[in-house]
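Fold and geometry: a report
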Amino acid sequence: MAMATKLSIKALYKIFGERGDEAMRLIESGKTKDEILAETGATVGVNDVSVDIEEGEIFVVMGLSGSGKSTLIRMLNGLIAPTSGTITIDGDDIAHCSDEKIREIRRQKISMVFQHFALFPHKTILENAAFGLKIKGVGVAERNERARKSLAQVGLEQYADSYPEQLSGGMQQRVGLARGLAAEPQVLLMDEPFGALDPLIRRDMQEELLELQRSLGKTIVFITHDLNEALILGDKIAIMKGGRFVQVGTAEEIVGSPADAYVEAFTKDIDRSRVFPAQRVAKPAEALQKADLVAPSALSAMERLGRDAIYVVENGKPVGVLRYRDAQGALQNAGGDCLSALVTSFPKADRKKPIFELYPLARKGLPIAIVDDADQLIGVVEPETIFAELAGDDETVEEEAALKTAAE
Amino acid sequence: MYSPADMLEIPFADWVDDFVRGFLVPTFRPVFRAMQEPVDFLMQNLDAFLNAVPWLIFAAVLGLIAWRTAGRGMAIFTVLALAFIDMIGLWSETMTTLSMIITAVVFCIVLGVPLGIAAARSDKFLSILRPILDIMQTIPSFVYLVPIVMLFGVGTVPGVIATIIFALPPIIRLTNLGIRNVRGDLIEAAKAFGSTPRQILWEVQLPLALRTIMAGLNQTLMLALSMVVIAALIGAGGLGLTVNTGLGRLAVGTATAGGVGIVLLAIILDRITQGLGEAKKRTDESKSVKGTVSRLLKPIFGGSRSTEPAE
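Being a predicted model, the structure only gives us computed values, none of them experimental. (Residues numbered from 1 in each chain as written. Chains lettered and ligands numbered in written order. Predicted model: local features only at pLDDT ≥ 70, side-chain atom pairs only at ≥ 80, totals over all residues. Heavy atoms only, no water.)

1. Digging into unusual backbone geometry
Even without a glycine there, the phi angle at E192 of chain A is positive, about 40°. Accessibility expressed as a relative area gives 8% for E192 of chain A, which makes it buried. Positive phi is not limited to glycine here, since L250 of chain B has a value of about 55°. Its place among the elements puts L250 of chain B in the loop between α11 (239–248) and α12 (252–277). Overall, the relative accessible area of 74% leaves L250 of chain B in the exposed class. (Buried < 20%, exposed > 50% of the residue type's maximum accessible area, 1.4 Å probe, protein only. Helix = DSSP H or I, 4+ residues; strand = E, 2+ residues; numbered from the N terminus.)

2. Describing a nonpolar patch on the surface
Residue and element names in this part refer to chain B. A cluster of nonpolar side chains, namely Y2, M7, L8, I10, F12, W15 and V16, defines an oily patch on the protein surface of about 870 Å² accessible area. In terms of residue count, helix α2 (residues 12–52) provides more of the nonpolar patch than any other element does, 3 residues in total. Within the secondary structure, Y2 sits in the segment before α1 (4–7). (Patch = residues over 30% accessible without salt bridge, like charges linked within 9 Å, V, L, I, M, F, W, Y side chains within 5 Å. Areas by Shrake-Rupley, 256 points an atom, 1.4 Å probe, with all protein chains shown as cover. Salt bridge = Lys/Arg side-chain N within 4 Å of Asp/Glu carboxyl O.)

3. Overview of the interface of chain A and chain B
Interfaces are frequently sized by the accessible area removed from exposure as the parts join. Of the residues lining the interface, 31 residues belong to chain A; the matching set on chain B comes to 26 residues. For the pair chain A and chain B, the summed buried area comes to about 2400 Å², and 56% of that belongs to carbon and sulfur atoms. The largest per-residue losses of area from chain A upon contact with chain B belong to H122, I135 and Y163 of chain A, which jointly make up 23% of the total buried on that side. On the surface where chain A and chain B come into contact, there are 3 salt bridges. When the shortest N-O distance is used, the salt bridge between E188 of chain B and R74 of chain A registers 2.5 Å. In this assembly, chain A and chain B are joined by 7 residue pairs in polar contact (both at pLDDT 80 or more). Looking at the side of chain A that touches chain B, the elements that each hand over two or more residues are α4 (99–108), β6 (110–113), α5 (125–129), α6 (131–136), α7 (140–153) and α8 (169–182) of chain A. When residues of the side of chain A that touches chain B are assigned to their parent elements, the largest contribution, 4 residues, is made by α6 of chain A. (Contact = heavy atoms within 4.5 Å. Buried area = accessible area lost by both parts, 1.4 Å probe. Polar contact = N/O pair within 3.5 Å; in protein donor to acceptor, adjacent residues only side chain to side chain.)

4. Focus on the sheet that holds strand β13 (residues 317–323) of chain A
All names here are of chain A. Judged by pairing direction, the sheet is mixed, and its 3 strands sit side by side in the order β11-β12-β13 without closing on themselves. Both outer strands of the open sheet, β11 (288–289) and β13, are each paired with one neighbouring strand and no more. Note that β11 and strand β12 (residues 309–314) share 2 bridges and pair parallel. Paired with L288 across the bridge in β12 is V312. Where helix α14 (residues 295–305) meets the sheet, its contacts fall on β11, β12 and β13, and the angle it forms with β12 comes to roughly 125°. (Pairing = 2+ DSSP bridges. Axes fitted to C-alpha atoms, helices over the stretch in contact; angles between N-to-C directions.)

5. Quick notes on the sheet that holds strand β15 (residues 368–371) of chain A
All names here are of chain A. The strand order across the open sheet formed by 3 strands is β14-β15-β16, and the pairing between neighbours is mixed. With one partner strand each, in any of the chains shown, β14 (348–350) and β16 (377–381) form the two edges of the open sheet. When the angles between neighbouring strand axes are averaged without regard to direction, this sheet yields 30°. Relative to β16, β15 runs antiparallel, the two being bridged by 4 bridges. Each residue of the ladder has a partner; that of V371, found in β16, is L377.

6. Description of the environment of G73 of chain B
Residue and element names in this part refer to chain B. Locating G73 in the fold gives a position in helix α4 (residues 72–87). A relative accessible area of 53% means that G73 is categorised as exposed. The spacing of G73 and A83 is 10 residues in sequence and 16 Å in space, taken between C-alpha atoms.

What follows is the structure, encoded as structure tokens:
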């Protein structure tokens, strides 16, 4: 999964206030944000942030208000000039380039979606969506066509001639998204785009964004104050506090091993079953080869493992599951041939699937086969594990995880 | 009794005389001449044109404009008022006054809007401009006439120049205010898409400030109306002259007729400019410049200007 770095941020600082140099020295000597404010009156917006954002990923920055996340995202397209550090996109340093160059980058590579939509009230929806193209100097016929396409992507082409005030909040933000996408940027900056929407609409918009991203594959930097949103959307998540990145990692890493008490406090109420992938609670499959399948050995394997059913694989792929009583029946009736006793409509799930989504499969009462991208069986999840997980029994997860690590 | 004048008498008036007559006027005469020229040109042509247009056509056009901007009632009022002015024998004077006002307002827009934009862009420029505007607005209108006569002489054109200076502040102030009041996130959005300052101005700031600028235009127009009358004191023609003559001869009737003419003209112009500034119930046309202009043109071209076809 080697991906190219799209945006590279190195040792980025932003200090607001007149005595910036002095504040920088205090930062270097290890003073906190509050101490610096008391001593110099300067506010530290962003404090030593370094990160590489990969092409095609959704990078979510999560932090409470005042954590510096809005300042950070505005530095990525030069709306705020950093005090020091570099921001590189395709070899160009946004932090140190001419106004003309930065406008060029904004027109060609980076666009932005705003928290309060920031649609132009005097322009129609179509004109709003075409704004970036107009600024680029694209002719009226072409920009209208491309803006229409972009509106179609968010399902609003029939509102092209309306005005923003005639649309609901959710629809307005879709226009904001269409405006951002119409210019075909490589990087999309989203500053708390769903923050001003009510929860149901927000949920829809998150799913819609993921859906769009599947086909577009843009590099997205997404700001939010809602950890749930971060976990749903983020390929990678940075937790920000006092201008610093406290932790950067995948949803699983953030929830599974919080870097400090601050992150832990956030993750406490998170529904783990929505964050942890199936493979985290999977047990070793201990599968039997289809070629050597005979009832007595299968029965003894199940007895040894203490399981009611066992998977059978061929070339590593699961082909069926053998239940204990079917194997016994096969031994008595068919003289040990249990191929016909295999249950071939077995529950199967990708290893990355959230545990939460395994629930319908668990109701079959059979262990769930967990496979990787190449359909190779890498483990099984017992239905009881899922039920325990959904009941919010944290210990089981940890236990299972521990079991898994031990088994490996 | 002690009085400061016992100790020192300052010949202030003499100093000013010496400065203006001895230095300013001789040195800068070509400059002031040159400044008069565009005003003179526009004023003369407008005056000739408006006086040449037959009453019927003028009333029809102004009535139409009033109808599109301020409604049917205002259109009827406009036509009746114009008829009344003609009947009391003040048509030519009214046209002269109108051409003076239009000239003054045109120059106020040409000077005031760019100054307002500059003030909105630079706090420094605003801090220099603001006290000047404050002084301009506190000086009584009469006092304007003194330096104008000194520098430009007497007549209609100096009268118009006095009017321009007197009526300029509101449009500068409200242009500045309108642009500064445009929502910050919209400016940020425009920037985020790579707009140049010029693009931000034309695409976002001016269209959104238009209502406020139109309110400024209305104020400027009203000030111009009041000044155009006072300008008669330095030899400007039009309705102001009628009032002035009436006052001088104690001819109450003449003065009143002139006054009524001015009031009627003021009401018509005020309502029309207010109508332009107000956002109408927005249908297919926006409150942009384009919308306002096309609203005016629509009846003339029979509403043939259709936007893109609906689905």
